[in-house]
Amino acid sequence: MPQILGLLAALLSPLVMFVGLFLVLRTEGLKWRIAWAVLCFVGVGAFWMRASDGMWGFVPAAINILGTGQQAGFYKASLPLGALVSMFICVSVRRARLQAAQRRQDDQA
């Protein structure tokens, strides 16, 4: 069971990064889009698990760009903090644009 959790963490970390990138690319009116896109691939902390025996560890002070890398026999993941921040900014920009459009529509009516 611990190996499944390690594999799940190793798969979800890059998935969240790519979802964040997709949101950044699809959000209209986002300033500094390229900076937000790069930030999507910044992770904080490094989780590792040896697949053979389930031994694991966490390095909280690690800052990873483009993931944690790969090594045979290990599952590695990081907390995709940059992607989570980018997603929050994208949702905030989308919400603000929607509210502005509704205000314009109410003013016209």
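Quick look at the structure, then. For clarity, every value in this text was computed on a predicted model and none was experimentally measured.

With that out of the way, let us pick up the overall build of the chain. Along the chain, the regular secondary structure elements total three helices and three strands. Beginning at the N terminus, the succession of helices and strands in the chain can be written as α-α-β-β-β-α. Radius of gyration (C-alpha) of the chain: 18 Å, far over the 13 Å computed for a compact globule of 109 residues. Counting only C-alpha atoms, the chain reaches 65 × 25 × 20 Å along its principal axes. Counting over 109 residues, the chain shows a buried share of 29%. For the chain, the share of sequence-separated contacts (at least 6 apart) that also reach a separation of at least 24 residues comes to 63%. When the accessible surface of the chain is totalled, it reaches about 7500 Å², and 69% of it is carbon and sulfur.

Relative to the 40 Å expected for 28 residues at 1.5 Å per residue, helix α3 (residues 81-108) spans 41 Å between its end C-alpha atoms, a close match to the ideal helical length. Buried within α3 are the following residues: G82, A83, S86, M87, C90 and V93. Each element contacted by the buried residues of α3 is listed here: α1 (2-26), α2 (33-39) and β1 (42-50).

Another aspect to go through is the packing of aromatic side chains. A ring pair, where both rings are aromatic, is described by two values, the distance of the centres and the angle of the planes. Applying the stated criterion across every chain yields a total of three aromatic pairs. Taken together, a centroid distance of 5.4 Å and an interplanar angle of 75 degrees make the contact between F18 and F41 edge-to-face. Highlighted residues: F18 in helix α1 and F41 in the loop between α2 and β1, separated in sequence by 23 residues. Classification of F41 as buried rests on a relative accessible area of 14%.

Glancing now at α1. With 25 residues, α1 should cover 36 Å at 1.5 Å per step; its first-to-last C-alpha distance of 36 Å lies within 8% of that length. For α1, the complete set of buried residues consists of G6, A10, S13, M17, G20, L21 and V24. Buried positions along α1 lie against α2, β1, β3 (74-79) and α3.

Take the nonpolar core next. Within the largest apolar cluster, ten residues are counted, these being M17, L21, V24, L30, W36, A37, C40, F41, C90 and V93. With three residues, the single largest contributor to this core is α1.

Let's shift gears to the pattern of salt bridges. The full count for this structure, using the stated rule, is two salt bridges. Here R97 and E28 are joined by a salt bridge, their closest N and O atoms 3.8 Å apart. Residue R97 is located in helix α3, and its partner E28 is located in the loop between α1 and α2; the two are separated by 69 residues in the primary sequence. Ionic pairing is found between D53 and R50, a salt bridge with its closest N-O pair at 3.2 Å. On the accessibility criterion, D53 (47% relative accessible area) is partly exposed. Residue R50 is classed as partly exposed on the basis of its relative accessible area of 27%.

Rules used in this analysis
- Residues numbered from 1 in each chain as written.
- Predicted model: local features only at pLDDT ≥ 70, side-chain atom pairs only at ≥ 80, totals over all residues.
- Heavy atoms only, no water.
- Helix = DSSP H or I, 4+ residues; strand = E, 2+ residues; numbered from the N terminus.
- Rg over C-alpha atoms; globule rule 2.2 N^0.38 Å.
- Buried < 20%, exposed > 50% of the residue type's maximum accessible area, 1.4 Å probe, protein only.
- Contact = heavy atoms within 4.5 Å.
- Areas by Shrake-Rupley, 256 points an atom, 1.4 Å probe, with all protein chains shown as cover.
- Expected span 1.5 Å × (residues − 1).
- Phe/Tyr/Trp six-rings, centres within 6.5 Å; stacked < 30°, edge-to-face > 60°.
- Core = buried A, V, L, I, M, F, W, Y, C linked by side-chain atoms within 4.5 Å.
- Salt bridge = Lys/Arg side-chain N within 4 Å of Asp/Glu carboxyl O.

From the geometry alone we can't say anything about function, so treat these as descriptive.
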